[in-house]
Amino acid sequence: MDVTRDNFDHALAEFRLAISSCDFAAIDMEMTGLYADRARQPSHLDTKNERYHKLLQSVESYAVIQVGICLFSWVDSKPDEPKDGYYEARPFNFNVFPCTSVGGFPIESHFGCKNTAFEFLARNSFDFNKWVYQGIPFLNADQAERIRSDRVSLLTKRQPRMEVDDQHKAFVRDLEAALRKFMKSKADKILRYQTANSYERKLVYDVVARHNTLGTRSRHGCIEIFKGTRKGMAKHVAQKIHALNTSIDEARGFCQIIDILSAARKPVIGHNMLLDVMHAYSKFYKPLPATRSAFGKSLPQFLPILIDTKYIIESTPAIKARYRTSNLDEIAPMLERETQRGQTHGMIRNHPQFTRDVTHTMHEAGFDAYMTGATFIRLLNLEGELHLTAGSVSSELVLYRYINRLYVALGDELYWNLSGDSAKESRAMHAANGHVTVAEALDDTLANSDTPSLSDGCCSADDDDDDDQCSTGFEVVAFDDLVPVLEELSMEQ
């Protein structure tokens, strides 16, 4: 579903309904740029803190212009169907543009654009006019509260008097005289005062605000001044505050989608997703913390379960050797072709209402989100790896060892465990597939007071009598069981 401001309300209702029954969501984003120069690009020699600050600079410099979210739900096959079941996909492609006004007040924001990024987007058929003119506005909670506080303060507190320049002192004197006459008159209920420019309008608002029983309404070419009692003025201010709150709620726009996603506590899948997660946090939730450790502690409150498909590929030697790439636009088509040839399981269908917008165009956020989720399903269904069989329980399973490990490739480390740094893992440890039971993993996790992360142990040559476990190499746990554990541990930290 391609979503602009014109059909956002419908998409919002559809998204709210669909996420309650989905098993996981996949995300992707398109931005106006990545890194300003070579010095700010990620390097294998970065420390974790250096990498975080490089990504932080990128997030603060560039805008998100498109967000793809694809919801996947397991559907059991009907009795007359031969298949075991399938995943049903609902891809949403949200075109987003920063909010420009709230209740008639302009909201300005600044972001960078990189020429190579725009050229790349144009080559992939990105519609810049649609982005600007039809993009869904967004205003995160911190921005909304700051605007609300400023506007309410203007409405309820007496403001310092404006400095009047010499040219407009006569204008103020005439206005004050007109107000005195208006207040003495019992017949006149409304005074329409003509203004020639925005400065004169501000002067009128400033002078009238000194009178507790006078109110103003903006009209074309003039300001309408009316009389009222103190009680009536209080009611008038309350109505303005209500209208302001309504305008702010509308201006939050796309942030409502992220609020719903966060509140749902569903697993979120991405590909090389750390930058996407940081953009989502900063643009649609609240400002990013200054330090990596603070970000890691606050992230579980935002999105508690994250799984990075690039890390799955890079950390699993059998998968890496088979496909020799971890780039989404290369491995996704390979996995899709294998599925079509019947070499792997994992049937995926689009929900009937979401067939129109499957453009099959890489680098459209909605389609990339769909391909990320589909890749996740197919990776877990590879021959010789974990096989998700049919049934409602299997649709909620994931490889425990991949949760909250986001791919970064720092020196000999493949990932960040953003929920804690107690688990250390090097590339050498991936020489063999690991096997740790869920019970052992939870015991280890609870003992270390750390959000789920477990080291890779190895299936040794002496374990040949346990072929089934060693051939799979992984243990699984239900998402519904993990969420409360993750949230409890994050609160302890």
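Up top is the structure these notes are about.
Conventions and cut-offs
Residues numbered from 1 in each chain as written. Predicted model: local features only at pLDDT ≥ 70, side-chain atom pairs only at ≥ 80, totals over all residues. Heavy atoms only, no water. Core = buried A, V, L, I, M, F, W, Y, C linked by side-chain atoms within 4.5 Å. Buried < 20%, exposed > 50% of the residue type's maximum accessible area, 1.4 Å probe, protein only. Helix = DSSP H or I, 4+ residues; strand = E, 2+ residues; numbered from the N terminus. Axes fitted to C-alpha atoms, helices over the stretch in contact; angles between N-to-C directions. Parallel < 35°, antiparallel > 145°, perpendicular 65-115°, else oblique. Left-handed = near helix turned anticlockwise from the far one by under 90°. Contact = heavy atoms within 4.5 Å. Nonpolar A, V, L, I, M, F, W, Y, C, P; charged D, E, K, R; others polar. Salt bridge = Lys/Arg side-chain N within 4 Å of Asp/Glu carboxyl O.

Caption draft 1: Local environment of the nonpolar core. Judged by nonpolar contacts, the single largest core of 53 residues is most densely connected at I69, F94, F254 and F284. Residue contributions to this core peak at seven residues, all from helix α10 (residues 274-284). Counting residues in hydrophobic clusters, the runner-up holds 35 residues, among them W74, L328, I348 and Y407.

Caption draft 2: Broad picture of the packing of helix α14 (residues 328-340) against helix α15 (residues 365-379). Relative orientation of the contacting elements α14 and α15 amounts to 55 degrees, with a least axis distance of 10 Å. With respect to their mutual orientation, α14 and α15 come out oblique. The handedness of the crossing between α14 and α15 is left-handed. Here L328, I331, A332, L335, E336 and T339 of α14 come into contact with α15, specifically with D368, M371, T372, T375, R378 and L379. Looking at the contact of α14 with α15 residue by residue, the classes come out as six nonpolar, three polar and three charged.

Caption draft 3: Broad picture of the pattern of salt bridges. A full pass over the atoms with the stated rule returns 16 salt bridges. Notably, a salt bridge pairs R210 with E176, separated by 3.5 Å at the nearest N-O pair. Residue R210 is found in the loop between α7 (198-208) and β8 (214-219), and its partner E176 is found in helix α6 (residues 169-184); the two are separated by 34 residues along the sequence. Taking relative accessible area as the criterion, R210 reaches 22% and is therefore assigned partly exposed. For E176, a relative accessible area of 28% corresponds to the partly exposed category.

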